[in-house]
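# Observations on chain architecture
Residues per chain are reported as follows:
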Amino acid sequence: MALDITRAVDGHLQCLDVMHLPVTASDPISGIVGGLMFEEERARETHNRVRLCKRLAREDVRWDMEAITGDLTLCIPAHATLADIIILSRQLEPPTSPNMAGVASRVALHCHKPIVAVPQECTGFDASGTAIVAWDGSMPATAALTASVPLLKLARRVVLLQVEDGTGGEPIEEAAAYLSRHGIRAIMRKVTTERADVAKSLQRVCSNERASYCVMGIYGHSPVREALLGGVTRQMLASAPLPLIMSH
């Protein structure tokens, strides 16, 4: 996925290898166990990094690799200040790995960069395919739309989808006019649904349109924007079978 996006925009791929520090108690035995866990993790990450560097050396993209130790949600924003887009898996193996869906949403909230949240079954990114842009007129939806313009320009077909659930917002016509000023002729669609079914309606349209990816804002309804992570965002991260380009 990262290689396809880098090629599509003729970009530079920065790889960040983050090794987690083990969480242990403060007694001597736990300290010894924690040290052993750390050494095992470091050996595993070194092996992964060497393997990945060999793979990248055979690819036709510009890239670099950096290895750091810490928490994913803190390390990524700190190292992505000059990044245009951040690509993250939505799930990792084994099950003891970090909750990547949560990591993706928190990183987007903290660093205000577009996030490509990749489902585990995806093996590539078709930049020339159909793009769905979820529109509700909110600031997060606007941020996602504007941040995705370089990729949307490459899409063969762009569908602006307004899922109307009674919450209002800027009209879809204004979003279409904005895209047209960037040379993107979007098809406007409107779907009316209950608030609880927004994610299902969005996924259904993505499936019917055979979309390559979906652009959407990270948002929720009050109170307090559903604790900063909306129900629609949560459902899409959990079950949408296509890449999500998300922004806040």
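Structure first, text after, so check above.
Residues numbered from 1 in each chain as written. Predicted model: local features only at pLDDT ≥ 70, side-chain atom pairs only at ≥ 80, totals over all residues. Heavy atoms only, no water.

By the definition in use, this model includes 1 aromatic pair. Ring geometry for F125 versus Y213: centroids 5.0 Å apart, planes at 25 degrees, classification stacked. Placement of the pair is F125 in the loop between strand 4 (115–118) and strand 5 (130–135) and Y213 in strand 8 (residues 213–217), with a sequence separation of 88 residues. Neither residue differs from the other here; F125 and Y213 are each classed as buried. (Phe/Tyr/Trp six-rings, centres within 6.5 Å; stacked < 30°, edge-to-face > 60°. Helix = DSSP H or I, 4+ residues; strand = E, 2+ residues; numbered from the N terminus. Buried < 20%, exposed > 50% of the residue type's maximum accessible area, 1.4 Å probe, protein only.)

Looking now at the pattern of salt bridges. Counting across every chain of the model gives 9 salt bridges. Residue R157 pairs with E209 through a salt bridge whose shortest N-O separation is 2.4 Å. Residue R157 is found in strand 6 (residues 157–164), and its partner E209 is found in the loop between helix 8 (198–208) and strand 8; the two are separated by 52 residues along the sequence. Classification of R157 by relative accessible area gives partly exposed; the value is 27%. We classify E209 as buried; its relative accessible area is 15%. As a salt-bridge pair, E209 and R189 come within 2.5 Å of each other at their nearest N and O atoms. Residue E209 is located in the loop between helix 8 and strand 8, and its partner R189 is located in strand 7 (residues 187–192); the two are separated by 20 residues in the primary sequence. (Salt bridge = Lys/Arg side-chain N within 4 Å of Asp/Glu carboxyl O.)

Note that all results are geometric; they support no functional claim without further evidence.
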